[in-house]
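# Structure at a glance
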Amino acid sequence: MLKLQGIAVSPGVTIGEALVLDSEGFRIPRRFVERSAVDTELARLAHAIGETAREMERNRDAIRAELGEQYAAIFEAHLAMLHDEKLQRELQTAVRDRNWWPEYAVSRTLRRYAKVFQSLDNHISQRAHDIYDIEKSLLRNLLGQRRETLAAISQPVIVLAHNLTPSETATLDRRFVKGFATELGGPGSHTAIVAEGLEIPAVVGVGPFLADVSGGEPVILDGNQGLVILQPDEETIARYRQELEAAQTVAAQLKEIRDLPAETTDGVRIQLTGNIEFPSEAEQCLARGCDGIGLYRTEFLYLASRTEPTEDDHYAAYAEVVQAMAGRPVVIRTLDLGADKMHARLNIEEERNPCLGLRSIRLSLRQLPMFRTQLRAILRASALGDVRVMFPLISTIVELRQARMVLADVMEDLAEHGIAFNRKMPVGMMVETPAAVMMLDIFIKEVDFVSIGTNDLIQYTLAVDRGNKDVADLYNACDPAVLRLLRRSLDVAREAGVPANVCGQMSGSVMFTQLLLGLGLRQLSVPPSAIPEVKQVCRSVSVAECRLIAEKALAMDGAREVKAYLRDQLRRRLAQAVA
Ligand code: PEP
Ligand code: MG
């Protein structure tokens, strides 16, 4: 049994079979060869070894001509390993005697070799990379056209991958993908957010571990603790089965408060809305008793499709959500593409600092036809219900004004053509840069509502990449700098009489509910899966007590202290609720 610690990004526990995707995206399931097909498969293996050897020879000759003998020696060494008799014998035995599929035999055997090298604590451990290179070349030749895509998964698996992009994650079929873990990835990445939207347990930032696992092996994924457990023993499996049952009981209890309002014990009504990426999630929000949709991340319409969405594609998606919400508010955020939510079609040159680059509203304002298409669809949907539009990543007043001007222009267009829309559709902005917080007293005069995006606000305030596992410990919503910016934003909004919401992941974590209510927040937008728990906490606290908690937290000077305090306060609250 091997227990690996990563970053918990989407809760839940799942037990299943591993499907391994290495950095090149190969799928290596544990498959067995029929006895009658052993000779054919051995021939396929021999052919792949021959092809790989020829490739290496070609590379060696090219490098020798370009750079000289010294560099060609690298390929000579690869060739020697590939032709090693012991290795060849092991591969053949695996196919002939154990009936392993050649791909599986290659992956298992070479990863075992690589691990031996990795375990040596000296410069020789670097040779493990050479072994992985040989494995990749062999697999490429074996798999040929059979490389399947993630989208084609058709049996229950837990995906273990080097990395998954947000768009790859968006295409996962959750009927079959029961959870995933990745070597890369940080706590606030959009891959993490999509996993939460799909409601599949996920752990990211585990670090290198794929060498220790082959497809088909049993694995436990603990999205609550951020653990990946390879080859679990019987006792651990039994313990996790019990945990799964207990979680089902809690979920059933939480269902009972579905139709009750998120109202504090001193009678303050909190508006609790859902964050969605896909129209289908609207139903999940309703099933958990939401007051509407507080954040619809529309860029996933782009990320999940191969072709550019048309105005009608946009409209159909929005109409589905608005109709499902039956009069409840739906906040549609305009495209927040760029940074880690990139799409090849956007033709943006590679940027050195994508998070500080052409993303979000900046991109929309540069690609006006795309922006206008979306605004037309949002406006058309505004005729169907309580639709509100929100602009992301506003950092200057000019951006806000420009976005509003494009909106006004699109309105005129629709009016001219007699197309119905709500001329009074509320317009809001996200507060997710320190600049927006500092200038909010000015910006707020030109919007109908604001929504604080703590995921980006933390990233830009603390100068930590939300998707980077190596600085994940610095990405902290408890940091006093973040708390001060939140307080300032909520104070400014209250003074201006403008509704304010928090829609970053922070609002979905019950550890922060009392703090946020104490800071004056009356609207929270959270991932669908978090609605019942957050509602339960809202219903068991008083605003008066929350104020005291917020005051105390704000007086603290370090994130660690704040975190310990908030955890303790939550524990007390839950203990009181049970008593
Ligand atoms: C945020 O930044 O907090 C937010 C809600 O937007 P996103 O996570 O899509 O960047
Ligand atoms: Mg954001």
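This report concerns the structure included in the present document.

All right, on to the pairing of strand β3 (residues 13-21) then. Bridging between β3 and strand β7 (residues 218-222) involves five bridges; their strand directions are antiparallel. Each bridged residue has a counterpart across the sheet, and for Val 13 the counterpart in β7 is Asp 222. With four bridges connecting them, β3 and strand β4 (residues 157-161) associate as parallel partners. Of the residues in β4, the one forming a bridge with Val 20 is Leu 160.

Further remarks concern the side chain of Thr 334. Structurally, Thr 334 can be placed in the loop between β11 (330-333) and α12 (361-366). Take Thr 334: its relative accessible area is 0%, and that puts it in the buried class. Thr 334 has contacts with Thr 298, Glu 299, Ile 361, Phe 371, Gln 374, Leu 375, Ile 378, Val 389, Met 390, Phe 391 and Pro 392, leaving out every residue within four places of it along the chain.

What follows concerns the site of ligand 1. With respect to spatial proximity, 16 residues lie near ligand 1, and among them Arg 297, Arg 333, Glu 432, Asn 455 and Arg 466 are the closest. Thr 454 is positioned such that a nitrogen or oxygen atom in its backbone is 3.1 Å from an oxygen atom of ligand 1. Separating an oxygen atom of ligand 1 from a side-chain N or O atom of Arg 466 is a distance of 2.8 Å. Here ligand 1 loses 100% of its free accessible area of 280 Å² to cover by the protein chains. Elements with a minimum of two residues in the shell around ligand 1: α7 (190-198), β10 (293-297) and α17 (454-462). Ranked by residues supplied to the shell around ligand 1, first place goes to α17 with three residues. In terms of residue class, the shell around ligand 1 is built from four nonpolar, five polar and seven charged.

For the magnesium ion (ligand 2), the full set of protein donor atoms is Glu 432 (OE) and Asp 456 (OD), at a range of 2.0 to 2.2 Å. Separated by 24 residues along the polypeptide, Glu 432 in the loop between β13 (427-431) and α15 (434-438) and Asp 456 in helix α17 bring together distant segments of the chain. An identical accessibility class is assigned to Glu 432 and Asp 456; each is buried.

Scoring rules and cut-offs
- Residues numbered from 1 in each chain as written.
- Chains lettered and ligands numbered in written order.
- Predicted model: local features only at pLDDT ≥ 70, side-chain atom pairs only at ≥ 80, totals over all residues.
- Heavy atoms only, no water.
- Pairing = 2+ DSSP bridges.
- Helix = DSSP H or I, 4+ residues; strand = E, 2+ residues; numbered from the N terminus.
- Buried < 20%, exposed > 50% of the residue type's maximum accessible area, 1.4 Å probe, protein only.
- Contact = heavy atoms within 4.5 Å.
- Near = heavy atom within 4 Å.
- Polar contact = N/O pair within 3.5 Å; in protein donor to acceptor, adjacent residues only side chain to side chain.
- Areas by Shrake-Rupley, 256 points an atom, 1.4 Å probe, with all protein chains shown as cover.
- Nonpolar A, V, L, I, M, F, W, Y, C, P; charged D, E, K, R; others polar.
- Donors = N, O, S within 2.8 Å, 3.2 Å for Na, K, Ca; no water.

These figures capture arrangement, not role.
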